[in-house]
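# Coordinates in review
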Amino acid sequence: MTANGDRTNGGTPLLEVRDLVVHHGQLRALELISFGVFPGEVYAIIGANGAGKSTLLRTIAGLHQPTSGSVLFDGQDVTGLRPERRARQGIAMVPEGRRLFGSLSVQENLQVGATYARPGPWTIERVYETFDWMRARRNQRTAQLSGGEQQTVAIGRALLTNPRVLLLDELSLGLAPVIVQRIYGMLPQLLQTGLTVLLVEQDVSQALRVASHIHCLLEGRTTLEGRPADVTAGQVEAAYFGLAGAAATPQPDEGE
Amino acid sequence: MSMVKETTAVPVTDVRVTRSQRNVAWTALVALVIVIVLALFPYIVYSGTTTIMVQAFIVLTLASMWNLLAGYAGLVSVGQQAFVGIGAYFVLILALHGISPFAALPFAAIGSGAVALPLWWLVSRLRSGYFAIATWVLAATVMLIIERFSSIGGGTGMPLPGFTGLDPVLLTAYTYWAGLAVTVLAMVVIYLLLRGRLGLVLTAIRDDEVAARSSGARVGLARLLVFVVAGAGCGAAGAVLAISQLQVQPSAVFSIQWTAEMAFATIIGGLGTIEGPIIGTAVFMVLQQTLQSYNAWYLIILGLVAVLVALFARRGLWGLVDERLGIRLFPVGYWLHTLARERGD
Amino acid sequence: MNAVIQGILTGGLYALFACGLSLMFGVMKVVNLAHGDLAVVAGYVAIGVITITHVPVLWSFLIVVPVMAVIGYVLQRTIIQGALDRSALTTLLVTFGLSVVIENGLLQFFTANSHGIGVGLALITDSFNIGSQIQIPYLLVLIFAVAVVVLLGLQYFLSRSVYGRLIRAVADDKEAAQLAGADYRHVFGIAAALAFGTVALAGIAYGMYAQLAPTTGTDTILLFAFAAVVIGGLGSLWGTLLGGIVLGVAQQIGAQINISDEVLAGYLVFLAVLVLRPQGLTSRRVRS
């Protein structure tokens, strides 16, 4: 896979965070987080509730300012950029809870996504072709859609900005497992267009199925990092719940 | 792959909680001295000065009340002039029935507080912006209703009876003392309220209302109490106003200008601090006197300064002092002493 | 009957005042206490422009309204955004401060006297009669027509145009709008420009129909605008028209009972709605 190829050849990550320290008021939510996401990868951040996953994603998207550390996109430091600037440069986020525009129809939601789009393959037509149910219901207000349908509209809205990196925050929240699987099942199709994905997921097995790399957080700290194929279930469990005594297996390529 | 050990929390062992700093005793002493000196003013200074002081007392009382409402309970009321007018009219009505205006003062305060109860019922469920507008409408409505009664002066107002035969010098002195008494009482009441449980509840609401409610704090009751106290306080100020002007005119006592003055004085002095209204009132009086009072300029400048302060110096002039020196003249919080470090409130 | 029709037509003017307020509150959550005063300022500026340049009255609209819209954008991006970044309390205080400053500024420079905008066209100051009981001033009908046109235009803008969509999106969820690449501060500015522009239009119209004084902004206009918004329900432009009409009719009925009760009747209806149904008559969303 090119992903690992870039990684091992020492290429620059498309998206990178360095020594990120983030506070929520007085609470230290993230402690010196560093990692890089390479083009074409599906990088999954996993961890229990309150581990800091969503905070991390929001900081990368620009909705939250870190106390120290930096966020780099394509080698450029974007830590000081406002969220809309980052979106226009190619970082798109599907936020936790979908956050669709309630008083707008499906089509209007998509149109907002397309307003400041970069040049690229995604158009509203293409979104309708990808999610075939949407065209017929494009004038409905989003409140009338099911959770899964709302999630796909939110994804469509993000895709329409023609991003280079797609941030997915807790896709599975509030959705039935079969719906979640179906949505994640679309990921390969999206990646064909040259997208890189950074996702946050509470459902570990789901994450392990789709990710090319996983990164586990516990109480704001990194407890595990690597490829799904290289980690055992026991190690993941230990990293997720914070059980001491699990062995560390160093790998030749740390990826940093 | 990498594994990181988790950290443990720092245990808090030796903790002392104290009520206030040493200087509260000094403040109380100084305050007492100041009040005594002020009380002697009629014997020392010209009546022109005491008249100005009465204005200052009115504004200070109003500002303290507005500060309690907006700075502590989060209730931005743009209609407190309703209570100013209600207090004034209580005095007028009682005076028309033969009671001395000075004796009527406490009843005006109590009456205003009582009127606040049904008014609170009308507006209590409204949030922020709607609440402000509702108080404004209420004030306008109250004025219109009162103007319909020609027996108390209708739209043009009437002079305040009950002063005949009173020596003018004595009248000025009594008015001054009434104003002083109202102000001192208002500030003492506010201080005691905030120092007690109400203060804790209000601070909790300020920080996180949902958490406050769920921990059992009687949020609604706290706000009601604040609204009633503010109503009574503004009513008392209105009573002093009526006495000092020797007449009660609806357009004067119900004027939105009172809200402007009390809000600006509080903001400039420092919203959410007890000391703030004092400083704000001082600034206000200086401005008013130097700009030949009742010229529109002083309100323009006051307004501009208030806007700038609200934008750039959230806690007002007192906040600037407080942050540098860390002193509180009227301590209402707690000091937490852990081991060697001290953290405030 | 005459009173009811007059009330309905006056409602158009109130709706024109109210739509800017509704816009700013609905989109930015800003209660602009200076809203009424802005209308008065526009009226005074129009008077000034007409007096100095002697242009026909209708030209004053073309000059003053766009200028006010630009002022609205600038004020929003600077002062109001600054206040919004602090807290909701600060915005209330700042707009209140602005209101007082504007009013006293007008008092200082123009004295407390009221002024009117002479329309000059005899046709407009006349009225037409239906039967023997009903007499309706042409000007009022014209203002109502203009109000409806403006509301239609605003409705069209909000539902069809790109910026209209952005305004609605930002009003729903400004963070999600940011994630889609929209700078909400700019969108807020556009909304403010619309609000200032419409209230300027309404202010000049009011100056033609009635007299303008420095305190008219808060005495009259602001409360009527708010009443129309609250009665009609936030979030609906046509609700604002309905609210304006209800207010106008209530006032006229009050005036029929007792001439001095006109304003009071309006306030009482306003209070009743605030207490009983704060979300207004048409609002779909319940605001607690």
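Below you will find a few notes about this structure. (Residues numbered from 1 in each chain as written. Chains lettered and ligands numbered in written order. Predicted model: local features only at pLDDT ≥ 70, side-chain atom pairs only at ≥ 80, totals over all residues. Heavy atoms only, no water.)

## A word on the overall build of chain B
This is how it is decided: Runs of E in the DSSP output that reach at least two residues are strands. Runs of H or I that reach at least four are helices, and both are numbered from the N terminus. Burial classes: relative accessible area under 20% of the type maximum marks a residue as buried, over 50% as exposed, and values in between as partly exposed (1.4 Å probe, protein chains only). Residue contacts are defined here by distance: any two heavy atoms, one from each residue, within 4.5 Å place the two residues in contact. To measure how exposed things are, a 1.4 Å probe is used in the Shrake-Rupley method; for residues, cover is taken only from the protein chains shown.
Regarding its fold elements, chain B presents 15 helices and five strands. Across the 345 residues that make up chain B, the buried fraction comes to 49%. Excluding contacts between residues fewer than 6 apart, the proportion of contacts in chain B whose partners are at least 24 apart in sequence is 78%. Of the roughly 16,100 Å² of accessible surface on chain B, a fraction of 68% belongs to carbon and sulfur atoms.

## Description of the sheet that holds strand S2 (residues 27-37) of chain A
Condition: In this analysis, strands are considered paired if DSSP registers two or more bridges between them.
As summarised here, the arrangement of the four strands in space is S2-S1-S4-S5 (chain A), forming an open sheet in which the pairing is antiparallel. Because the sheet does not close on itself, it has two edges, and the strands there are S2 and strand S5 (76-77) of chain A.

## A closer look at the sheet that holds strand S10 (residues 221-226) of chain A
Strand pairing within a sheet occurs via backbone hydrogen bonds; the two strands may be parallel or antiparallel. Residues and elements named next belong to chain A. Our working rule: Here, axes are lines fitted to C-alpha atoms. For helices the fit covers the stretch in contact, and angles between N-to-C directions go from 0 to 180 degrees.
Spatial strand order, S6-S7-S8-S3-S9-S10: six strands in an open sheet with mixed pairing. Strand pairing shows two members of the sheet lacking a second neighbour, strand S6 (91-94) and S10, which therefore form its edges. Along the sheet, successive strands turn relative to each other by an average axial angle of 15°, direction set aside.

## Quick word on the pattern of salt bridges
Residues and elements named next belong to chain A. Put simply, the rule reads: Note on definitions: salt bridges are taken to be side-chain nitrogens of Lys or Arg within 4 Å of carboxyl oxygens of Asp or Glu.
Taken as a whole, this structure holds 14 salt bridges over all chains when the rule is applied. With its nearest N and O atoms 4.0 Å apart, the salt bridge here joins Arg221 to Glu31. On the criterion of sequence distance, the pair formed by Arg221 in strand S10 and Glu31 in strand S2 is long-range, its members being 190 residues apart. Overall, Arg221 belongs to the partly exposed group, its relative accessible area being 23%.

## Considering the interface of chain C and chain B
Operational definition: Accessible surface is computed with a 1.4 Å probe, and the buried area is the amount of it that two parts give up when combined, taken over both parts together. Pairs of N or O atoms are called polar contacts if they sit within 3.5 Å, as long as, within protein, a hydrogen donor faces a hydrogen acceptor (for residues adjacent in sequence, only side-chain-to-side-chain pairs). For this classification, the nonpolar set comprises Ala, Val, Leu, Ile, Met, Phe, Trp, Tyr, Cys and Pro, the charged set comprises Asp, Glu, Lys and Arg, and every other residue, Gly included, is treated as polar.
Tallying the contact residues gives 43 residues for chain C and 42 residues for chain B. Approximately 3,600 Å² of surface area, both sides summed, lies buried where chain C meets chain B, with 79% of it carried by carbon and sulfur atoms. Taken as a group, Leu93, Phe96 and Val275 of chain C account for 17% of the area that chain C buries against chain B, more than any other trio of residues on that side. Where chain C meets chain B, there are zero salt bridges. Taken together, the links from chain C to chain B amount to one residue pair in polar contact (both at pLDDT 80 or more). Going through the elements one at a time, helix H3 (57-86), helix H4 (88-110), helix H10 (216-232) and helix H12 (262-276) of chain C are the ones with two or more residues in the side of chain C that touches chain B. Class assignment for the residues of the side of chain C that touches chain B results in 30 nonpolar, ten polar and three charged.

## Considerations on H10 of chain C
Residue and element names in this part refer to chain C. Keep this limit in mind: To estimate the expected span of a helix, count its residues, drop one, and scale the result by 1.5 Å.
With 17 residues, H10 should reach 24 Å at 1.5 Å per residue; the first-to-last C-alpha distance of 22 Å fits that figure. Counting buried positions over the 17 residues of H10 gives 16, a clear majority of the element. Positive backbone phi, at 105°, marks Gly233, one or two positions downstream of H10.

## Quick look at the nonpolar core
Let me state the cut-off plainly: Only buried residues count toward a nonpolar core, which is a set of Ala, Val, Leu, Ile, Met, Phe, Trp, Tyr and Cys residues joined through side-chain atoms within 4.5 Å.
Counting residues in each nonpolar core, the largest one holds 210 residues, and the members touching the most others are Trp66, Leu160 and Leu202 of chain B together with Phe17 and Leu33 of chain C. If sequence neighbours within four positions are ignored, Phe17 of chain C has contacts with His35, Ala39, Val199, Ala202, Gly203, Tyr206, Ile221 and Ala225 of chain C. Formed by 43 residues, the second largest nonpolar core is a distinct cluster that contains Met186, Leu199, Val236 and Tyr240 of chain A.

## Notes on the environment of Thr95 of chain C
Residues and elements named next belong to chain C. Along the polypeptide, Thr95 turns up in helix H4. Sequence separation between Thr95 and His35 is 60 residues; the distance between their C-alpha atoms is 8.5 Å. Among the polar contacts made by the side chain of Thr95, one reaches the main-chain carbonyl oxygen of Val31 at a distance of 3.2 Å.

## Brief notes about the side chain of Thr91 of chain C
Residue and element names in this part refer to chain C. One can find Thr91 in helix H4. Assessed through its relative accessible area of 3%, Thr91 is described here as buried. In this view, Thr91 contacts Val30, Ile80, Ala83 and Leu84; residues no more than four positions away in its chain are not counted.

## Some remarks on the side chain of Ser105 of chain A
You can see Ser105 of chain A is positioned in the loop between S6 and helix H4 (106-115). For Ser105 of chain A, the contacting residues outside a window of four places in its chain are Arg138, Asn139, Gln140, Arg141 and Thr142 of chain A.

## Structural notes on the packing of aromatic side chains
Centre-to-centre distance and the angle between the planes together describe a pair of aromatic rings. Stated precisely, the cut-off is as follows: A pair of Phe, Tyr and Trp rings is counted when the ring centres sit within 6.5 Å of each other, with Trp represented by its six-membered ring. The angle between the planes then sorts it: under 30 degrees is stacked, over 60 is edge-to-face, the rest tilted. Criterion for a charge above a ring: Lys NZ or Arg CZ within 6 Å of the ring centre, and within 35 degrees of the ring normal.
The tally for this structure, following the rule as stated, stands at 20 aromatic pairs over all chains. Here the aromatic rings of Phe83 of chain B and Phe227 of chain B are separated by 5.8 Å at their centres, their planes lie at 80°, and the arrangement is edge-to-face. Here Phe83 of chain B is found in helix H4 (residues 81-96), whereas its partner Phe227 of chain B is found in helix H10 (residues 219-245), with 144 residues between them in sequence. The pair formed by Phe83 of chain B and Phe227 of chain B is uniform in burial state, with each residue classed as buried. The ring of Trp122 of chain A carries the charged tip of Arg126 of chain A above its face, separated from the ring centre by 4.7 Å. Directly above the aromatic system of Tyr184 of chain C lies the positively charged group of Lys174 of chain C, at a separation of 5.3 Å from the ring centroid.

## As for the environment of Leu27 of chain A
Structurally, Leu27 of chain A is set in strand S2. Distance from Leu27 of chain A to Gly234 of chain A, taken between C-alpha atoms, is 30 Å for residues 207 residues apart in sequence.

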